[in-house]
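Chain by chain, the residues:
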Amino acid sequence: MIKLDNVQEGARIAVAMSGGVDSSVAAALMVEAGYEVIGITLQLYDHGQMANKKGACCAGQDIYDARTVADNLGFTHYVLDYESVFRQNVIEDFADSYLRGETPIPCIRCNQNVKFKDLLTTAKDLNAEALITGHYVQRLKGTQRSEMHRAVDHNRDQSYFLFTTTQEQLDYLRFPLGGMHKSETREHARRFGLKIAEKPDSQDICFVPSGGYADIVKKLRPGALDPGEIVHIDGRVLGTHNGIINYTIGQRRGLGVSASEPLFVIQLEPEARKVIVGPHEALAKTSILIKETNWLMDAESSTIDCKVKIRSTHEPIAATAYLKENNFAEIVFKEPEYGISAGQACVIFDNERVLGGGWITG
């Protein structure tokens, strides 16, 4: 039976419920442990538009699933309409990011600007002593403060997507699934008799149907598919394109030009509407600058030997972080890295502990 750190037995707690297996099991474990559970779901889309979309969360069928779990387990469940907030803070930002030549990660912005921000406020308004989520990440006691650590199951670890969590938020949050594997979570779902025990996991970009992000951007920003030139790094114009939003740094296939050597997207110049291509070695970077840094540590030194993740699917790599003024930091890699894109996150670790992170600049 899972007990929460620094939360009294039988206390009122809030559980963020997306309608998926993970948040539903988190709620069920809290009921089993004897807490007074209140479920909260944020409706992020129009019910009619998203009711039948597979891989979404926080809409249609998923809201129904969350409510069904709450009814079956006997606790109160609230659905809050956050469609306009989500559109402005996540979807609109997503479209603008592509127009700037970046590769955005809307899930992090959603956690930062919608879910953790407003869910925490609602949970506190309901006099809950903690907010529970189904994320695979660990909150552990440190010598001076709560610490965020990677999940036991590295294949499910979601710490990369939670680097913007503030210390105040982390002190209030709890993650009961961080110490187990996904297979254990599904076993719990079966044990509790949850009908969603075999429900597939949601997709990373929940509001993009079938991965067609360009269609979303085009709809929101009609000029996104304006044509431009595809230019070799040596200055040669190799062809034309139908919108820089169709290209990402490091892309090799589907460039629309032919050459005697393999070519990759090296740089995007949105104002000039240019796609710069070149050989693979031109992608190499030994350092990057990150902005809007968030730290979950006491900065005793401006230089940190660490490991960093520059992609959600990669294991951390050795680097040194140099903290700068105005929430910037320079990350110097021990070995060159390839295909790094502005708009992605760089998350900084000390072994398993998350120290912080920031957004990669151009």
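Residues numbered from 1 in each chain as written. Predicted model: local features only at pLDDT ≥ 70, side-chain atom pairs only at ≥ 80, totals over all residues. Heavy atoms only, no water.

With respect to the packing of aromatic side chains
Turning to step 1, where the next piece is worked out: With the rule as written, the count across this model stands at three aromatic pairs.
Turning to step 2, where the next piece is worked out: Ring centres 5.2 Å apart and planes at 80° place the aromatic pair F94 and Y98 in the edge-to-face group. One end of the pair, F94, and the other, Y98, are both in helix α4 (residues 83-99), four residues apart, so they sit about a helical turn from each other. Residues F94 and Y98 agree in their burial class; the two are buried. (Phe/Tyr/Trp six-rings, centres within 6.5 Å; stacked < 30°, edge-to-face > 60°. Helix = DSSP H or I, 4+ residues; strand = E, 2+ residues; numbered from the N terminus. Buried < 20%, exposed > 50% of the residue type's maximum accessible area, 1.4 Å probe, protein only.)

Overview of the sheet that holds strand β11 (residues 274-278)
Turning to step 1, where the next piece is worked out: Across the sheet, four strands lie side by side as β9-β8-β11-β10; this open sheet has mixed pairing. Lying at the two open borders of the sheet, with one neighbouring strand each, are β9 (237-241) and β10 (264-269). With strand direction ignored, the average angle separating the axes of adjacent strands in the sheet is 25°.
Turning to step 2, where the next piece is worked out: Where strand β8 (residues 228-232) meets β11, four bridges bridge the pair, whose relative direction is parallel. Opposite H232, over in β11, you have V277 as the bridge partner. (Pairing = 2+ DSSP bridges. Axes fitted to C-alpha atoms, helices over the stretch in contact; angles between N-to-C directions.)

A word on helix α5 (residues 106-125)
Turning to step 1, where the next piece is worked out: Here α5 is 20 residues long and its end C-alpha atoms lie 27 Å apart, about the 28 Å a rise of 1.5 Å per residue gives.
Turning to step 2, where the next piece is worked out: Within α5, the axis deviates most sharply at Q112, by approximately 35°.
Turning to step 3, where the next piece is worked out: By the burial criterion, the buried members of α5 are P106, I108, R109, C110, N111, V114, F116, D118, L119, L120, T122 and A123.
Turning to step 4, where the next piece is worked out: Following α5 by one or two positions, N127 adopts a phi angle in the positive range, close to 65°. (Expected span 1.5 Å × (residues − 1). Bend = angle between axes of the 7 residues up to and from the residue.)

Here we look at the confidence of the model for the protein
Turning to step 1, where the next piece is worked out: Of all residues in the protein, 94% attain a pLDDT of 70 or more, and the chain-wide mean is 91.
Turning to step 2, where the next piece is worked out: Within the model, the stretch residues 50-56 combines pLDDT values under 50 with 16 contacts to residues more than four positions away or in other chains. (pLDDT = per-residue confidence, 0-100. Contact = heavy atoms within 4.5 Å.)

Overview of the sheet that holds strand β3 (residues 76-81)
Turning to step 1, where the next piece is worked out: What the five strands build is an open sheet, ordered β3-β2-β1-β4-β7; its pairing is parallel. Looking along the sheet, the strands with just one partner apiece sit at the ends: β3 and β7 (173-174).
Turning to step 2, where the next piece is worked out: In this sheet, β7 lies alongside strand β4 (residues 131-132) in parallel orientation, the contact comprising two bridges. Across the sheet, residue L131 finds its bridge partner in β7, namely L173.
Turning to step 3, where the next piece is worked out: Contacts from helix α1 (residues 21-32) reach β1 (12-16), β2 (36-43) and β4, with the element oriented near 165° to β1.
Turning to step 4, where the next piece is worked out: Strands β1, β2, β3, β4 and β7 of the sheet are contacted by α5, whose axis makes an angle of about 140° with β2.

Some points on the packing of α4 against α5
Turning to step 1, where the next piece is worked out: Where α4 contacts α5, the two axes come as close as 9 Å, and the packing angle between them is 165°. With respect to their mutual orientation, α4 and α5 come out roughly antiparallel. Viewed along their axes, α4 and α5 form a crossing whose handedness is right-handed. Contact residues: V85, F86, N89, V90, D93 and F94 in α4; P106, R109, C110, N113, V114 and D118 in α5.
Turning to step 2, where the next piece is worked out: Class assignment of the residues belonging to the contact of α4 with α5 gives a composition of seven nonpolar, two polar and three charged. (Parallel < 35°, antiparallel > 145°, perpendicular 65-115°, else oblique. Left-handed = near helix turned anticlockwise from the far one by under 90°. Nonpolar A, V, L, I, M, F, W, Y, C, P; charged D, E, K, R; others polar.)

Considerations on the pattern of salt bridges
Turning to step 1, where the next piece is worked out: Scanning the model with the defined rule gives 26 salt bridges in all.
Turning to step 2, where the next piece is worked out: Ionic pairing is found between R221 and D96, a salt bridge with its closest N-O pair at 2.8 Å. Residue R221 is found in the loop between α8 (213-220) and β8, and its partner D96 is found in helix α4; the two are separated by 125 residues along the sequence.
Turning to step 3, where the next piece is worked out: Residue class for R221 comes out buried when judged on its relative accessible area of 19%.
Turning to step 4, where the next piece is worked out: The partner of E102 in a salt bridge is R100, and the shortest N-O contact between them spans 3.2 Å.
Turning to step 5, where the next piece is worked out: The structure contains a network of salt bridges with shared partners spanning D22, R156, K182, R186 and D201. (Salt bridge = Lys/Arg side-chain N within 4 Å of Asp/Glu carboxyl O.)

With respect to helix α3 (residues 61-73)
Turning to step 1, where the next piece is worked out: Here α3 spans 18 Å end to end across 13 residues, near enough to the 18 Å set by a 1.5 Å rise per residue.
Turning to step 2, where the next piece is worked out: Here α3 has its buried residues at D62, I63, D65, A66, T68, V69 and A70.
Turning to step 3, where the next piece is worked out: Of the residues trailing α3, G74 is marked for its positive phi of about 80°.

Some points on the nonpolar core
Turning to step 1, where the next piece is worked out: One finds F86, I108, L131, F207 and A345 to be the most contacted residues of the largest nonpolar core, which totals 48 residues.
Turning to step 2, where the next piece is worked out: Those elements that provide at least two residues to this core are β1, β2, α4, α5, α6 (167-172), α8, β16 (345-350) and β17 (353-360).
Turning to step 3, where the next piece is worked out: Among the elements that make up this core, the one with the highest residue count is α5 (seven residues).
Turning to step 4, where the next piece is worked out: Dropping the residues within four chain positions of it, L131 is found in contact with A14, V15, A16, L119, L120, A123, Y172, L173 and R174.
Turning to step 5, where the next piece is worked out: In terms of nonpolar packing, the next biggest core, distinct from the first, is built from 29 residues, L29, V37, I132 and M180 among them. (Core = buried A, V, L, I, M, F, W, Y, C linked by side-chain atoms within 4.5 Å.)

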